[in-house]
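Per-entry structural report
Spelled out from the first residue to the last, the chains are:
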Amino acid sequence: MTAVTAFAPARRSPLRWAQPVAVLLVAAVAVGIPLWLVAVTSVKPQAEAIKPNLSLPHHAQAGENYRQAFDQGKVVQGFVNSLLVVVPSVVLVLLLGAGAAWVFARRTGRLAGTLYALSISGLLLPPAVITIVMELRQLGLAGSRLGMIAVYTGMYLSTSIFFMTGFIRNLPEELEEAARMDGAGPARVFFQVILPLLRPVIATATIMVMLFAWSDVFYAFFVLGGGDRATLPLNLYQVANAQLYLNNWHLIFAYVVMMSLPMAAVFVVAQRRVVAGITSGAVK
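Attention now goes to the environment of Ala 179. Residue placement: Ala 179 occurs in helix 9 (residues 174-181). On the basis of relative accessibility, which here comes to 13%, the residue Ala 179 falls in the buried class. In this structure, the C-alpha to C-alpha distance between Ala 179 and Gln 192, residues 13 residues apart in sequence, is 9.1 Å. Residues contacting Ala 179, with those up to four places away along its chain left out, are Ala 184, Val 189 and Val 193.

In structure tokens:
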């Protein structure tokens, strides 16, 4: 009896499966309900969308709603403007963050530690909008895409440096030494050794920066101010504020869906790259 009892399979506690199920249910409710509200309202007629709810439409008119929101909301112009601002910002954040993180990870000393602390101070100190706008006006960059790119780069560079520095510190220095012995200079070591190893954290930083910058309307409002340079979120704000979409929740939510689709695609692709990068790193 003792031997049989010793080798009998242990019964799983109900809490072991109840806790993950509860977490999944809470996540599904917290994320699924807002998504369903936006999606179902975007295909309703105006009469049914005046008071948004979770019920299905009696008569769906998705094509008309999305076509009207696409034309009146200047989606193509806003999409191009968003790309011209977000893509350079992401590239600068990744390159400058990786370069600074490589130096901070390999250099020791009081000066390097002080500069590293100053570089990541942006994680704790929120950017002041008034100061940013005044500085951009002094530099002649207010109301320009270059000024908006500078703002996004400065806002997210601290986070990029913080994550990449910790990642590079765990990389073996022997790889860099082997490349130097083969005659590689600092630039070649950085682009051919360091950057390929940073693929997981680069994908994570890309998702983070693009999601925040793509949906930003606060800083874009003060820096760009609107007009022909308005991004997608700023364009939606201006259209809704001009009472063109007053009580037209079906058009507002249709615009939100179209604005979110590019970032949803980026998230899916980058998420797969994160998993692939972590797996390849573990195998190596």
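To continue, consider the packing of helix 5 (residues 75-106) against helix 11 (residues 199-214). Between helix 5 and helix 11, the shortest axis-to-axis distance is 10 Å and the interhelical angle comes to 145°. Relative to helix 11, helix 5 is oriented so that their crossing is right-handed. Mapping the contact onto sequence places Phe 79, Ser 82, Leu 83, Val 86, Val 90, Val 93 and Leu 94 in helix 5 and Ile 202, Ala 205, Thr 206, Val 209, Met 210, Ala 213 and Trp 214 in helix 11. Tallied by class, the residues present in the contact of helix 5 with helix 11 amount to 12 nonpolar, two polar and no charged.

This part covers the confidence of the model for the protein chain. The share of residues in the protein chain with pLDDT of 70 or more is 88%, and the mean pLDDT across the chain is 82. Put simply, helix 1 (residues 2-7) is where the protein chain has its lowest mean pLDDT, 51, and helix 5 is where it has its highest, 92. Every residue in residues 277-284 is under pLDDT 50, and counting partners more than four places away or in other chains gives four contacts.

Moving on, we come to the side chain of Thr 206. Structurally, Thr 206 is set in helix 11. On the basis of relative accessible area, Thr 206 is assigned to the buried category, the value being 16%. For Thr 206, the residues in contact, after removing those within four places along its chain, are Val 90 and Leu 94.

Here is what the cut-offs are and how they apply
- Residues numbered from 1 in each chain as written.
- Predicted model: local features only at pLDDT ≥ 70, side-chain atom pairs only at ≥ 80, totals over all residues.
- Heavy atoms only, no water.
- Helix = DSSP H or I, 4+ residues; strand = E, 2+ residues; numbered from the N terminus.
- Buried < 20%, exposed > 50% of the residue type's maximum accessible area, 1.4 Å probe, protein only.
- Contact = heavy atoms within 4.5 Å.
- Axes fitted to C-alpha atoms, helices over the stretch in contact; angles between N-to-C directions.
- Left-handed = near helix turned anticlockwise from the far one by under 90°.
- Nonpolar A, V, L, I, M, F, W, Y, C, P; charged D, E, K, R; others polar.
- pLDDT = per-residue confidence, 0-100.

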